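Each chain is listed here by its residues.
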Amino acid sequence: MGPHPAVAAIRLAVRRVLNDILNDHEPPARQTVHEPPSAPVVLVACSGGADSMALASALAFEAPKLGIRAGGVTVDHGLQPGSGVRAEEVALRLRAMGLDPVDSVAVTVGREGGPEAAARDARYAALDEASARHGATAILLGHTRDDQAETVLLGLARGSGIRSLSGMAAVSGADGRYRRPFLQLDRQTARKACMVQSLPVWDDPHNADPAYTRSRLRHEGLPALEKALGKGVVEALARTAQLSRDDADALDAWARQAEASVRDAAGLLECAKLYALPPAVRRRVLRRAAIEAGAPAGSLFARHIEEVDRLITGWRGQGVINLPGKVVAQRQGGRLVIRQG
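None of these values were measured; they are calculated from a predicted model.

## Digging into the overall build of the protein chain
Thought 1: The secondary structure content of the protein chain amounts to twelve helices and ten strands.
Thought 2: Across its three principal axes, the protein chain shows a C-alpha extent of roughly 70 × 65 × 40 Å.
Thought 3: The burial tally for the protein chain puts 44% of its 341 residues in the buried class.
Thought 4: Intrachain contacts of the protein chain at a sequence separation of at least 6 include 67% that bridge at least 24 residues.

Set out below in structure tokens:
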């Protein structure tokens, strides 16, 4: 008799991603002809919640069969009483699954961008450091289809364009470091897999705290949408994410190709040629130019690019446009100059 359907589903999702990782990354060259190739290291980021515990269990089961060394990282954000003890408990559970190496990392969460963004930034910084420390090929994250739906709705609320609607990528980070095997699986499947395997899980009280935007969306917003529109909203939003990502990737590629054609011999952007581009392509060219000049991508919003775009489409002698990172944009003699102020 095979495993429970929920367990089979999470294992299949992880097995597919591990095979992708092996195909994407060739093993490092051996020092000598007698030295065996080292096993690639794949880490799982585990909070102790149902999604990441299910992911850890599937990784522990599948990795040895593919010759992969599986480890784990749990991050203590220090935002709740007893968080350090809880992180150590999670680390012990990961080791009990046979994962090695396993790290419990404490971080200091700042305030920039709000509590959720600051915690996320601190967490990813810790994961990046753990990856470098252990020479990991990839880090698996337990985001599910439900998380993807929430991310799409948050992007829609920000009004930041199609890229925001594309949600989380299955592969992201430097060299495709981060992998999300569960984006096609719902949250209940992960929780069921933990239950039938008798895996203890920790439910973060922040996930039910209405002070946090994502929590309100999860417990109030999405249920209200399903009540008004019927079941299937989560699946539809996740499908929208994939379709939006495909479109956004195509437009980004078009913008990269178009950028060289709208620069003069000195490398300056020519306003007339920019004006001739479709708006979606032109704004991508402008965004890339602003980032190359030093504007932080995470602080560069649609409203900033719209103001720069008006130097092309609504020229009335406007002055300098100030952008994040002390970058300025201005029109000079038919050229658009974007530089450090």
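## A look at the sheet that holds strand S8 (residues 321-323)
Thought 1: Reading across the sheet, the four strands line up as S7-S10-S9-S8 and stay open at both edges, with antiparallel pairing between neighbours. The open sheet has two edge strands with one neighbour each: strand S7 (269-270) and S8.
Thought 2: Of the strands in this sheet, S7, S8, strand S9 (327-332) and strand S10 (335-340) are in contact with helix H11 (residues 279-292), which crosses S10 at around 35°.

## Focus on the packing of aromatic side chains
Thought 1: On inspection of all chains with the given rule, the structure shows one aromatic pair.
Thought 2: Ring plane angle 85° and centroid distance 5.1 Å describe the contact between Tyr124 and Tyr178, whose orientation is recorded as edge-to-face. Of this pair, Tyr124 sits in helix H4 (residues 115-134) while Tyr178 sits in strand S6 (residues 178-179), and the two are 54 residues apart along the sequence. With respect to class, Tyr124 is no different from Tyr178; both count as buried.
Thought 3: Across the ring face of Phe61, the terminal group of Arg11 is positioned such that the distance to the ring centre comes to 3.6 Å.

## Description of the sheet that holds strand S4 (residues 138-140)
Thought 1: If you trace the six strands from one edge of the open sheet to the other, you get S3-S2-S1-S4-S6-S5, paired in mixed fashion. Since the sheet does not close on itself, it has two edges, and those belong to strand S3 (102-106) and strand S5 (171-172), each with one partner.

## Notes on the pairing of S10
Thought 1: Where S7 meets S10, two bridges bridge the pair, whose relative direction is antiparallel. Across the sheet, the residue bridging to Leu269 is Leu336, located in S10.
Thought 2: Sheet topology note: the S9/S10 ladder contains six bridges and is antiparallel. Counted as the bridge partner of Gln332 is Arg335 from S10.

## Considering the nonpolar core
Thought 1: With 35 residues, the main nonpolar core has Leu18, Leu59, Leu99, Leu140 and Phe182 as its most contacted residues.
Thought 2: Elements represented by at least two residues in this core include exactly helix H1 (5-24), strand S1 (41-45), helix H2 (50-62), helix H3 (83-96), S4 and helix H7 (187-196).
Thought 3: Listed in part, the 26 residues of the second largest apolar core include Ala258, Leu311, Val327 and Ile338.

## As for the pattern of salt bridges
Thought 1: For the coordinates displayed, the defined rule picks out 27 salt bridges.
Thought 2: A salt bridge links Arg133 to Asp103; its shortest N-O distance comes to 2.7 Å. Of the two residues, Arg133 is situated in helix H4 and Asp103 in strand S3; the sequence distance between them amounts to 30 residues.
Thought 3: Arg133 gets classed as partly exposed once you look at its relative accessible area, which sits at 47%.
Thought 4: Here Arg145 and Glu235 are joined by a salt bridge, their closest N and O atoms 3.6 Å apart. With a gap of 90 residues between them, Arg145 in helix H5 (residues 145-158) and Glu235 in helix H9 (residues 233-259) connect regions that are remote in the sequence.
Thought 5: Salt bridges linked by common partners bring Asp147, Glu150, Arg187, Arg214 and Arg218 together as one network.

## Brief notes about unusual backbone geometry
Thought 1: For the bond running from Asp100 to Pro101, omega is 10°, close enough to zero to count as cis.
Thought 2: Mapped onto the fold, Pro101 is located in the loop between H3 and S3.
Thought 3: Of note, Asp175 is a non-glycine position whose phi angle comes to about 55°, a positive value.
Thought 4: Even without a glycine there, the phi angle at Lys326 is positive, about 60°.
Thought 5: Mapping Lys326 onto the fold places it in the loop between S8 and S9.

## A word on H4
Thought 1: The end-to-end C-alpha distance of H4, which contains 20 residues, comes to 29 Å, matching closely the 28 Å that a straight helix rising 1.5 Å per residue would cover.
Thought 2: Turning to H4, its buried residues number three or more, namely Ala117, Ala118, Ala119, Ala122, Tyr124, Ala126, Leu127, Ala130 and Ser131.
Thought 3: The elements touched by buried residues of H4 are S1, strand S2 (69-76), S3, S4 and S6.
Thought 4: Count one or two residues on from H4 and you reach Gly135, which has phi positive near 65°.

Calculation rules
Residues numbered from 1 in each chain as written. Predicted model: local features only at pLDDT ≥ 70, side-chain atom pairs only at ≥ 80, totals over all residues. Heavy atoms only, no water. Helix = DSSP H or I, 4+ residues; strand = E, 2+ residues; numbered from the N terminus. Buried < 20%, exposed > 50% of the residue type's maximum accessible area, 1.4 Å probe, protein only. Contact = heavy atoms within 4.5 Å. Pairing = 2+ DSSP bridges. Axes fitted to C-alpha atoms, helices over the stretch in contact; angles between N-to-C directions. Phe/Tyr/Trp six-rings, centres within 6.5 Å; stacked < 30°, edge-to-face > 60°. Lys NZ or Arg CZ within 6 Å of the ring centre and 35° of its normal. Core = buried A, V, L, I, M, F, W, Y, C linked by side-chain atoms within 4.5 Å. Salt bridge = Lys/Arg side-chain N within 4 Å of Asp/Glu carboxyl O. Expected span 1.5 Å × (residues − 1).

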